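So you can see what is in the structure, the chains are spelled out below.
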Amino acid sequence: MNIFSRTAAALAVAAMTLANGGQSHATAFAAWQVANVPFGDTLNVRKYPSGTSQKQAAYPNGTVLQMTGNAPAG
């Protein structure tokens, strides 16, 4: 996993944490657009923050990602 992918994943997790912190209902909304991924590559979303973790999804440049609601309690 290259530095851009790790940075993008870390920013997404940080934004999710800030958007959902202290809320008890699904009112948070955040949106991102995948950018700067090399041609022919994708931004991988993994189950855990590790390059060896199971890949959950892969998004090419231009994909708009949205998040609403709360993360599951864990």
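Up top you'll find the structure we're talking about.
Residues numbered from 1 in each chain as written. Predicted model: local features only at pLDDT ≥ 70, side-chain atom pairs only at ≥ 80, totals over all residues. Heavy atoms only, no water.

Student: Hey, could you run me through unusual backbone geometry in this one?
Tutor: The phi torsion of most residues other than glycine is negative, and most of the peptide bonds are trans. Despite not being glycine, Asn-36 shows a phi value in the positive range, around 65°. Tracing the chain through its elements places Asn-36 in the loop between β1 (29-33) and β2 (43-46). (Helix = DSSP H or I, 4+ residues; strand = E, 2+ residues; numbered from the N terminus.)

Student: Mind showing me how you'd approach the side chain of Ser-53 here?
Tutor: With respect to the element layout, Ser-53 can be found in the loop between β2 and β3 (55-59). From its side chain, Ser-53 meets the backbone nitrogen of Tyr-48 in a polar contact 2.9 Å long. (Polar contact = N/O pair within 3.5 Å; in protein donor to acceptor, adjacent residues only side chain to side chain.)

Student: Please clarify how the environment of Gln-56 should be interpreted in this entry.
Tutor: Note on placement: Gln-56 falls in strand β3. Take Gln-56: its relative accessible area is 47%, and that puts it in the partly exposed class. Each C-alpha atom of the pair Gln-56 and Arg-46 lies 5.1 Å from the other, and the pair is ten residues apart in sequence. Each residue touching Gln-56, except ones within four places of it in the same chain, is listed here: Val-45, Arg-46 and Lys-47. (Buried < 20%, exposed > 50% of the residue type's maximum accessible area, 1.4 Å probe, protein only. Contact = heavy atoms within 4.5 Å.)

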